[in-house]
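Remarks on the overall topology
Here is how the chains run, residue by residue.
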Amino acid sequence: MEHRTDTTEVVNFWGIPRSLWRTGVLIVFFALVLLGFFLSLTKGSSQITLNQIIDILSNPGDSPQSQIIWNIRMPRTIVGALVGVNLSLAGAILQAVMRNPLADPHIIGISSGAGLAGVAIMILFPEMEMLLTPVAFVGAMSAAVIIYILAWKNGIKPVRIILAGVAVSAFLGAGISGLMIFFSDRVHGALMWMVGGLAARSWPHVHIILPYAIIGLLLAFCAASYLNVLQLGDEMARGLGVNVEVTRILCTALAALLAASSVSVVGLLGFVGLIVPHAARLLVGSDYRFLLPSAALLGAATVTLSDTFARVILAPVELPVGIIMAFLGAPFFLFLLRREI
C-alpha cells in the first residue's frame, strides 16, 4: 500500500474539509469507546441497567451488582481498552517503521517473542510473575532484532520482513509448544493465555498495563513526525536529516514495549494491530499525527466490543476474545495480502 503523508494537503472528503472530517472521525471513535464501556459493563450473565450502573458508580455498596461492576467488569473493561490501545499503536508504528502494510506484532513474530518469554516465566518461574512484563519486552525485542537480521539484504524489503516474521513466529511457537509438553502439569493458565482472553482480569492487571500504556501513548505521539518521514523512504528521510536506523530501532523498541505489555496481561491476542490501523487509515489518512489517536480510540473500542460479543454470543459459555479477533483478522489479512503482493 502506498502511504501518503498528507500533513499540509487540504483535501475535501465528500465535500467536507479534511480537518473537520478528521475531527468528526475522532468524535465517532470516542463514542464507540463509550459504547464499548457501556455494553461491557451492562451485558453478561447478570444484566445490569444503566441506572443501576450510575447508582453503583456514585454510591458503591456491598450489593451483588456492585461487586460485579467494581471487581469483575470494570477492571476487565479497562484492561481490554488499554490492550486495544497498545496493540493498535504497536501495529501502526511497525507499519511505518517497516514500510509494510501487513506488519503487525502478532504476524511478524514480536508477540511470539513476548509469548515465549512469558510462558517460560509462568511455567518455570511462577514466583517471579512480577517480572512478566519486562521479560516479555526482552523477548519481543529479541524477536524483532532476529527478524531484522534475517530480512536484511541490501536494505529492508516488505516481503522479506513478512517471510522472516512468519518463520520466526513458527520457531518461537514451537518453543512455546515444547515448554507446554514438557511441563504439562503446569499449563492450564498458559493454555488460556495462548489464545488471548480477558477472563478473570482484575485491578492488579490494570495496574500492570496502565503505566506502559501511558508511557507508550506519549512516546508514540512524540514520534508521529518521525513516523511520517519514515514512510517517505530511507533516502528521503536521510535527506530530511533523520537518522533512519536509530529512529527505526527506537520506534521498533517502542512497538515491542507496547506489544509486550499487552501480551503479559492478556496473552497472544492477534490481529488487533493489523485491522485497526488500516481501518483508521482509510478514514483519516496516513498522517500519523491523526492516525495514532484514531487507532488508539478505535483499538480500545474494538477490543471491548469484541470481548462483550465473546461473552454473550454463547452465554453462559464464554469465548476468549482472541477467537473473535482471529475470525475478524484472518480474512482481513488475506484481503490485504492479495491486494499488496
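What comes next concerns the included structure.

About the criteria used
Residues numbered from 1 in each chain as written. Predicted model: local features only at pLDDT ≥ 70, side-chain atom pairs only at ≥ 80, totals over all residues. Heavy atoms only, no water. Helix = DSSP H or I, 4+ residues; strand = E, 2+ residues; numbered from the N terminus. Rg over C-alpha atoms; globule rule 2.2 N^0.38 Å. Buried < 20%, exposed > 50% of the residue type's maximum accessible area, 1.4 Å probe, protein only. Areas by Shrake-Rupley, 256 points an atom, 1.4 Å probe, with all protein chains shown as cover. Expected span 1.5 Å × (residues − 1). Contact = heavy atoms within 4.5 Å. Salt bridge = Lys/Arg side-chain N within 4 Å of Asp/Glu carboxyl O.

So, about the overall build of the protein chain. In terms of regular secondary structure, the protein chain is built from 14 helices and two strands. In summary, the protein chain has a C-alpha radius of gyration of 20 Å against a globular reference of 20 Å for 341 residues, a match within 12%. Across its three principal axes, the protein chain shows a C-alpha extent of roughly 65 × 60 × 35 Å. Across the 341 residues in the protein chain, those meeting the buried criterion constitute 52%. Carbon and sulfur atoms provide 71% of the accessible area of the protein chain, an area that totals close to 15,600 Å².

Given 3.6 residues per turn, any residue in an α-helix points the same way as the ones three and four places further on. Taking 1.5 Å as the rise per residue, helix α12 (residues 272-284) with 13 residues should run 18 Å; its terminal C-alpha atoms sit 18 Å apart, in good agreement. Taken across its 13 residues, α12 has ten buried, putting it largely inside the fold. Of all the residues in α12, the buried ones are Val272, Gly273, Leu274, Ile275, Val276, Pro277, His278, Ala280, Arg281 and Val284. Immediately beyond the C-terminal end of α12, within one or two residues, lies Gly285, with a positive phi of roughly 90°.

The subject of this paragraph is the side chain of Ser112. You can see Ser112 is positioned in helix α4 (residues 110-124). Excluding residues within four positions of it along the chain, Ser112 makes contact with Ser169, Leu172, Ile176 and Leu268.

Under the definition given, this model contains seven salt bridges. The salt bridge partner of Glu318 is Arg76, with a shortest N-O separation of 2.7 Å. Of this pair, Glu318 sits in the loop between α13 (288-312) and α14 (321-340) while Arg76 sits in helix α3 (residues 64-97); the two residues are 242 residues apart in sequence, bridging distant segments of the chain. We classify Glu318 as partly exposed; its relative accessible area is 37%. A relative accessible area of 7% means that Arg76 is categorised as buried. Glu245 is the salt-bridge partner of Arg248, the closest N and O atoms lying 3.4 Å from each other.

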